[in-house]
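Inside the fold
The lines below spell out each chain.
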Amino acid sequence: MRQLSCINTPTTNGSQRTPTPRRGAGKASMSSSSVGRRLAACLLNVSEARRKDVVENIAKAALLGENGEKRPEVSVLNIFSDQDYNRSVITIAASVDELNHAVLGACVEAFRAIDMEAQEGIHPCLGAVDLIPIYPLAGVGVEECGALARSLAETLVLSVPGSSVFLFGEADLPQKRPLVQRRKQLGWFARRDLGALEPDLGAAPARRCGLTGIGASPYVMNCNVTIDTQDLALGKEIAGAIRGSNANGLKGVQAMAFPHEGKIEIACNVESFGNHEATETSEESGYMAYRVCGDQFSYVSPHYIETQVKKLAGDRGIGTIGRALIGFTPQECKNCAEYAIKENIGEFWKTRRGVFM
């Protein structure tokens, strides 16, 4: 697979996009870093999108140390904000030695600026900082990312009074319960009364801060497909059909349907999963593969998800409007992280003109 320069290329409407791998590229190696760094990423989910200045201040806080100087080997690659959801995903990439410092700085700013008692939005959430997943990119394994996540959780509850944490994935020892299981146990989808929740770390959740999930796993993408209807029940039917828990669904895909800008959006978490079989992987086959530290992972391609949603919607007499990939594929994230850190571009999202939706 060719390496990406991560320099923006113009589309026909004059906007810019991040370069993407050519289709059919097959396996991509993420086992070594061309700049010799051990890199990981955090897709920080915060419960704010309607105040752009607040979201950008959170992103910038990841880049600055206590003395106001720029942190070395840290870059904010992307910001995705959704007004209806009132939720932003901030992609922070860094060396493993710097990632926790950067994420903690962003979290402190987020807890200062976001009050869960006043927060409104259609996307489920429990915390001002709702989710802190850490993913390996180069030269680091999932288990080490789990140790980073546990260390971050312990530091966070000491640094931010009122913060409380639940753990998932490789950070949740010894059970290693996945995020979807922890969310169900905590009633995340129903936005339960915080007073009834028991955190893994920290005091009982404070109403202002809420409850924050911290964990580690192989890379998880967010891919949303909008269908041309206002029928939420139909959207839920399609989301259920593609869910990985469905016998005929897409492996590693978790899906929900939400009203969004007058239509229905099928919002998908796309998990990477261990793939020990020598099966074909390409955009056309539906699955893409990559390696980190010698371990092979696969995931369903966003293109294939869109194709399946389009088919299911078409069977019900409706069309699709478009697809949004929230940030990057695993390969893109690694390549852009290497480029941004090598070139010392902390505010990389600005070179992409940001992604505020």
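Residues numbered from 1 in each chain as written. Predicted model: local features only at pLDDT ≥ 70, side-chain atom pairs only at ≥ 80, totals over all residues. Heavy atoms only, no water.

Glancing now at the environment of Thr 307. Here Thr 307 is to be found in helix 6 (residues 302-315). Classification of Thr 307 by relative accessible area gives partly exposed; the value is 36%. C-alpha of Thr 307 to C-alpha of Thr 320: the two residues are 13 residues apart in sequence and 9.6 Å apart in space. At 2.9 Å, the side chain of Thr 307 and the backbone oxygen of His 303 are in polar contact. (Helix = DSSP H or I, 4+ residues; strand = E, 2+ residues; numbered from the N terminus. Buried < 20%, exposed > 50% of the residue type's maximum accessible area, 1.4 Å probe, protein only. Polar contact = N/O pair within 3.5 Å; in protein donor to acceptor, adjacent residues only side chain to side chain.)

What follows deals with the sheet that holds strand 13 (residues 263-271). Strand pairing in a sheet is mediated by backbone hydrogen bonds. Such pairs are either parallel or antiparallel. The antiparallel open sheet is built from four strands, whose spatial order is 12-13-11-17. At either margin of the open sheet sits one strand with a lone partner, and together these are strand 12 (253-260) and strand 17 (320-325). For this sheet, the mean inter-axis angle between neighbouring strands, taken without regard to orientation, is 20°. Here strand 12 pairs with strand 13 via eight bridges, running antiparallel. Residue pairing for strand 13: Val 253 is matched across the bridge by Val 270. Packing against the sheet, helix 5 (residues 232-242) makes contact with strand 11 (220-227), strand 12 and strand 13, and its axis sits at approximately 165° to strand 12. (Pairing = 2+ DSSP bridges. Axes fitted to C-alpha atoms, helices over the stretch in contact; angles between N-to-C directions. Contact = heavy atoms within 4.5 Å.)

Extensive coverage of strand 6 (residues 87-95) is indicated by the burial of nine of its nine residues. In this structure, strand 4 (residues 39-46) lies alongside strand 6, joined through eight bridges in antiparallel fashion. Bridged to Leu 43 within strand 6 is Thr 91. Looking at chain direction, strand 5 (residues 74-82) and strand 6 are connected through eight bridges and run antiparallel. Counterpart to Ile 79 in the pairing with strand 6 is Ile 90.

Following both chains from N to C, one finds helix 2 (residues 99-113) and helix 3 (residues 142-159) inclined at 35°, their axes separated by 10 Å at the closest point. Note that helix 2 runs across helix 3; the crossing there is right-handed. Here Asn 100, Val 103, Leu 104, Cys 107 and Phe 111 of helix 2 lie close against helix 3, whose contacting residues are Leu 148, Ser 151, Leu 152, Thr 155, Leu 156 and Ser 159. Tallied by class, the residues present in the contact of helix 2 with helix 3 amount to seven nonpolar, four polar and no charged. (Left-handed = near helix turned anticlockwise from the far one by under 90°. Nonpolar A, V, L, I, M, F, W, Y, C, P; charged D, E, K, R; others polar.)

By themselves, these are just geometric observations and shouldn't be taken as functional.
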